[in-house]
Amino acid sequence: MTTAISSADIDALKTCTQNFINHVYFVQHQFNLIPAKDHHGVCINYVDRKEFRDEFCTELITTISEWVYSQEKAKKIIDDFQKEEGRSFQNAIQAFNQHTLKKFRDRDSRKIFLQGQFGELLLFNFLQHFFSAIPLLRKMPIKTSSRMEVNGADAIHYNYESGKNLLYLGEAKSYTSKYSFSAAFGDALESIVNTYDTHLNELELYIYDGFIEDNLIKIAQDYKNGILKNVEVHLVSIIAYHEQGKLKLTNEMEIKQQIMDMIAEKGKALDKKIFNKIPEEFHPRFNYIIMPIWEMDKLLIAFQKRVGK
């Protein structure tokens, strides 16, 4: 067996990422990292000398409902709001959006408590835009289910391309100012390797519990049972961190180049022994997404307020 889903089905299951990506700038570069291949350097977009932080937050928040629910499940909930509760279409949409935000929010009392969700939401969008990989397993409903244990990968996405079944295991790490880049990077490496070691157990837990879309269940079952052919598992680690370097606000392209140069300098300064955490056989399948954010704690607090907490 090669696949149970067509490329047209893959396209139909992709969510809307472009409006969010419009407020992100990214390049592919080696960035002095190991493995020596192109990785993604990402930052909030600049237009002229202005960083579009508010616009970035707005569009990131609009992707929350698609992270929580598939298009099919969202349509059913909205239909139920209309048929069962007598809501108008517009009212049902508003009710649905509030419903998804409640699932996204946390009851944590810390000043910054959506740090993990912020990183996972970035990962959800970047996996689809950079790798054309759709969600195989939706993690947010698992986290809000009182009967399910939360563990494993932050994201498990899937693509079918050139006769290959491609699985993308993603881990998101978001670090405010109290973390050094080196410590954050080492933590992220250990986390993604552990994700690879445990992801099959995780799939087994959730295959029959409604967290995988119906037309992807066969993919997950065949993979777990060892009968899915031409499989490649890729690892993706996103590291969003508090950057303290000083930018010269000259012009748009120079500002963006300064940011990418900072990522390369961070990579160059890493003790190369840190990469020993990655088994060498993983190197061809290992991908970094590095995202410096200035005043990251303030951005996270603003993000939290925007989702209504």
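Data block above holds the structure.
Residues numbered from 1 in each chain as written. Predicted model: local features only at pLDDT ≥ 70, side-chain atom pairs only at ≥ 80, totals over all residues. Heavy atoms only, no water.

Some remarks on the environment of D261
Mapped onto the elements, D261 comes out in helix α11 (residues 252-269). Relative accessible area serves as the criterion here: at 41%, D261 is assigned to the partly exposed category. Between the C-alpha atom of D261 and that of G41, which follows or precedes it by 220 residues, the distance is 9.7 Å. Here Q257 takes part through its side chain, which lies 2.8 Å from a polar atom of the side chain of D261. (Helix = DSSP H or I, 4+ residues; strand = E, 2+ residues; numbered from the N terminus. Buried < 20%, exposed > 50% of the residue type's maximum accessible area, 1.4 Å probe, protein only. Polar contact = N/O pair within 3.5 Å; in protein donor to acceptor, adjacent residues only side chain to side chain.)

With respect to the sheet that holds strand β2 (residues 39-44)
Ordered by their spatial adjacency, seven strands build an open sheet running β1-β2-β9-β8-β7-β6-β5, and the pairing between neighbours is mixed. The outermost strands of the open sheet, each flanked by one partner alone, are β1 (24-29) and β5 (134-137). The mean angle between the axes of side-by-side strands here comes to 30°, regardless of whether they run parallel or antiparallel. As paired strands, strand β8 (residues 231-243) and strand β9 (residues 286-294) are joined by nine bridges and run parallel to one another. In the sheet register, S237 faces β9, and the bridge partner there is Y288. (Pairing = 2+ DSSP bridges. Axes fitted to C-alpha atoms, helices over the stretch in contact; angles between N-to-C directions.)

Points about the pairing of β2
Across the six residues of β2, six count as buried, placing the element largely inside the fold. Two elements, β1 and β2, share six bridges in a ladder whose sense is antiparallel. The residue of β2 that forms the bridge with H29 is H39. Here two bridges tie β2 to β9, and the two strands are oriented parallel to one another. Across the sheet, residue H40 finds its bridge partner in β9, namely I289.

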